[in-house]
Amino acid sequence: MSQNPHAVVTALERIAAAEAVLGVRLDYQREMATLGSPVLGHIQAITAMNRAAADAALPAAIRQFATLGAVQQDDCGECVQIHVNLDRAEGADPALLRAALAGRPEDLPAPLGLAWRFGQAVAANTPELEALRQELEQHCGRAAMIELSFHIAVARFYPSVKRALGYAQTCALVQVAA
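Rules used in this analysis
- Residues numbered from 1 in each chain as written.
- Predicted model: local features only at pLDDT ≥ 70, side-chain atom pairs only at ≥ 80, totals over all residues.
- Heavy atoms only, no water.
- Helix = DSSP H or I, 4+ residues; strand = E, 2+ residues; numbered from the N terminus.
- Expected span 1.5 Å × (residues − 1).
- Buried < 20%, exposed > 50% of the residue type's maximum accessible area, 1.4 Å probe, protein only.
- Arc of directions from axis to C-beta.
- Contact = heavy atoms within 4.5 Å.
- Axes fitted to C-alpha atoms, helices over the stretch in contact; angles between N-to-C directions.
- Parallel < 35°, antiparallel > 145°, perpendicular 65-115°, else oblique.
- Left-handed = near helix turned anticlockwise from the far one by under 90°.

What is the right way to read helix 1 (residues 5-22) from this model?
An α-helical turn contains 3.6 residues, so a residue and the one three or four places further along point in the same direction. Here helix 1 contains 18 residues, and its C-alpha end-to-end distance of 25 Å stays within 8% of the 26 Å for a straight helix at 1.5 Å per residue. Listed in full, the buried residues belonging to helix 1 are Val8, Ala11, Ile15, Glu19 and Leu22. Within helix 1, the buried residues cover an arc of 85 degrees as seen down the axis, which keeps them to one side. Residues His6, Glu13, Ala20 and Val21 are exposed on helix 1 and point more than 90 degrees away from its buried face. Of the surrounding secondary structure, the elements contacted by the buried residues of helix 1 are helix 2 (27-35), helix 3 (39-52) and helix 5 (78-89). Of the residues one or two after helix 1, Gly23 is the one with positive phi, at around 80 degrees.

Listed below in structure tokens is the structure:
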């Protein structure tokens, strides 16, 4: 398959820009760009859909902690770091993020601890999932749960792709900037 060199350069420039925002390297996407894989376009479309989600009903903090809980269950490195970096850019409290990273939902305000536990339960499909879902839905409403379900699914998407391609073989210490 012949590749358009200009398209590869453009894709690599977009990836470099994303790396600057996310604070981690996206080597798996670089490989896709270099090989001219159409999957890269699909991944970028999912990213764009996730960022464009209206979230009219979903409080940002609930999304942040639920998706962090889910991605922690699926990843121990760069994907968690991306969530922390994006959450900090949105104003999340570093102390609360550290509590979540340490697996201490009891140190989080009630709705955030609940959201984090819910994200963990969705990712692990634990027995308490339904009770947590009902409690969180009671707190923020059905419309918020619909939005949250999408964000959790997207958060879990990237670690799966990276694992399947062999890019998620080592763990990294996650840093929370003050």
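Text resumes after the structure shown.
Is there a simple way to explain the packing of helix 5 against helix 6 (residues 94-101) in this structure?
Helices that pack against each other are described as a pair by the angle of their axes relative to one another and the distance between those axes. Helix 6 packs onto helix 5 with a crossing angle of 160 degrees between their chain directions and a minimal axis gap of 10 Å. One element, helix 5, and the other, helix 6, form an angle in the roughly antiparallel class. For helix 5 against helix 6, the interelement crossing comes out right-handed. Here Val80, Val84, Asp87 and Arg88 of helix 5 lie close against helix 6, whose contacting residues are Pro94, Leu97 and Leu101.

I'm lost on unusual backbone geometry in this one. Help?
In terms of backbone geometry, most residues other than glycine have negative phi values and most peptide bonds are trans. Here the phi dihedral of Asn125 falls at roughly 50 degrees; this positive angle occurs in a residue that is not glycine. Its place among the elements puts Asn125 in the loop between helix 7 (110-124) and helix 8 (129-140). Looking at Asn125, the relative accessible area reads 60%, which means it is exposed.

All we've got here are geometric facts, nothing functional implied.
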